[in-house]
Amino acid sequence: MRVLAIESSCDESAAAVLDARAGLLAHELFSQAELHRAYGGVVPELASRDHVRRLLPLVRRALERAGTGPGELHGIAYTAGPGLIGALLSGAALARSLAYALRLPAIGVHHLEGHLLAPLLEPEAPPFPHLALLVSGGHTLLIEVAAIGSYRVLGASRDDAAGEAFDKSAKLLGLPYPGGPQLAQLAEQGRAGAFSFPRPMIDRPGLEFSFSGLKTAVRHALHGRELTAQLRADVARAVQEAIVETLVAKSLRALEYTARGALVVSGGVSANRLLRERLSAAAGRAGARVYYPRVEFSTDNAAMIAMAGLKRLEAGQHDGLAIQARAQWPLESLRGLAA
Ligand code: KG4
Ligand code: ZN
């Protein structure tokens, strides 16, 4: 089975072609970050319009690079939610229409299931069942993954997501949107121990997170001071330390609670190098193994949507003809492959 996939849930337009036997044949991505930078965040209407412009050329290029004609496809997968509704509809309309014209089955994929299954694109895929830490711009979740489609949320953030905490702190440091990766870079010049920010919920039992206090702490640290290069780097380092340490502590606790030996870490923040280093080391000491997608598939992409779509299409699942997308879509409401 060979599928074409389209991702358009936020500000990345992407297309990919995945073959069940030959693996990933092509993946194309256009980031709209530049377009939204002037506004300090994603502007939904601009995102939708740009998806309309970008997606079809990306699909064409992915098919070309994959050496695949439309007649060689067996199905089309697209991100149906959660995300920005206009952005989602741009991708859903294109995917659904292509499927109709080509007489192919189409499947709407849950964006977070895409992130969760991204490590299946790697040579050493994680075993099931496993525990997952999903850290993106919109979510911070610890999830018990019994099988594909069977997800139980064990803990979530009460307020800001981990990626949001990175981005909001970055903004206070004067870094352009989305600041997460730049903050991580800046942190490398920071001095250890110059600042120490709170790690909320870390001493409390349970698996919940809270990151909204971090931006207040950053604001306090910067208040009345000259924003020198060293100060910014020191603060960046302390922000990264606080977020990473919290994520590592709660992940270890979840591994202990569930007695799982495998941890999948995915979503944009899983691109963070310090998080990868610390998690792998800590999990190793606890006798568990960590599985990541390659860094370029940590952040939004269509290859992960192709993987999730392929699994469901192979199981005989597909959607009706209506063009549907869901801004909100609880992960736990998904059905398994056998259902
Ligand atoms: O998964 P993703 O691409 O989009 C969502 O579905 O949200 O995640 C984007 C988030 C942003 O908050 C971005 O700043 C963060 O992931 N991010 C990082 C790094 N790379 C991306 N945060 C910290 N360090 C990084 N290296
Ligand atoms: Zn995402």
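About the criteria used
- Residues numbered from 1 in each chain as written.
- Chains lettered and ligands numbered in written order.
- Predicted model: local features only at pLDDT ≥ 70, side-chain atom pairs only at ≥ 80, totals over all residues.
- Heavy atoms only, no water.
- 1 Å grid on protein atoms, 1.4 Å probe; cavity = no way out; pocket = protein on both sides within 12 Å on 5 of 7 lines; lining within 4 Å.
- Points joined across faces, edges and corners; volume = space filled by probe spheres on them.
- Helix = DSSP H or I, 4+ residues; strand = E, 2+ residues; numbered from the N terminus.
- Near = heavy atom within 4 Å.
- Polar contact = N/O pair within 3.5 Å; in protein donor to acceptor, adjacent residues only side chain to side chain.
- Areas by Shrake-Rupley, 256 points an atom, 1.4 Å probe, with all protein chains shown as cover.
- Nonpolar A, V, L, I, M, F, W, Y, C, P; charged D, E, K, R; others polar.
- Domains from an automatic or database assignment.
- Contact = heavy atoms within 4.5 Å.
- Buried area = accessible area lost by both parts, 1.4 Å probe.

Peer 1: Give me the layout of surface pockets: which residues, what numbers.
Peer 2: To locate leftover empty space, one rolls a probe as large as a water molecule over the atoms. If you add up the space inside the second largest pocket, you get close to 300 Å³. If you trace the second largest pocket, you find 18 residues lining it, with Ala80, Gly108, Asp319, Trp329 and Leu334 closest to the centre. When contributions to the lining of the second largest pocket are tallied by element, the ones reaching two or more residues are strand 4 (75-81) and strand 5 (106-110). The element best represented in the lining of the second largest pocket is strand 5, accounting for four residues.

Peer 1: Break down the site of ligand 1 for me, citing the residues and quoting the values.
Peer 2: Near ligand 1 you find 17 residues, and of these Gly137, Asp167, Gly268, Asn272 and Asp300 are the closest. For ligand 1, an oxygen atom lies 3.0 Å from a polar atom in the backbone of Gly268. One nitrogen or oxygen atom from the main chain of Asp300 is found 3.0 Å from an oxygen atom belonging to ligand 1. A total of 560 Å² of accessible area belongs to ligand 1 in isolation, and the protein chains cover 86% of it. Among the secondary structure elements, those contributing two or more residues to the shell around ligand 1 are helix 4 (111-117), helix 5 (162-172) and helix 6 (180-187). Among the elements that line the shell around ligand 1, the one with the most residues is helix 5, at three residues. Tallied by class, the residues present in the shell around ligand 1 amount to four nonpolar, 11 polar and two charged.

Peer 1: Give a detailed account of the domain arrangement of the protein chain, specifying residues and quantitative values.
Peer 2: Each assigned domain of the protein chain is listed with its residue range as follows: domain 1 (2-117 + 297-333) and domain 2 (128-292). In this structure, domain 1 and domain 2 have C-alpha centres spaced 27 Å apart. Contact with domain 1, which involves 18 residues of that partner, is made by 22 residues of domain 2. Buried surface at the junction of domain 1 and domain 2, both sides included, amounts to about 1,700 Å², of which 67% is carbon and sulfur. Among the residues of domain 1 in contact with domain 2, Leu116, Ser298 and Glu332 are the three that bury the most area, contributing 33% of the side total. For the pair domain 1 and domain 2, the interface holds nine residue pairs in polar contact (both at pLDDT 80 or more). For the side of domain 1 that touches domain 2, the secondary-structure elements that each account for two or more residues are helix 1 (33-37), helix 4 and helix 10 (303-314). Of the residues forming the side of domain 1 that touches domain 2, the biggest block, five residues, is contributed by helix 4. Broken down by class, the residue content of the side of domain 1 that touches domain 2 amounts to six nonpolar, six polar and six charged.

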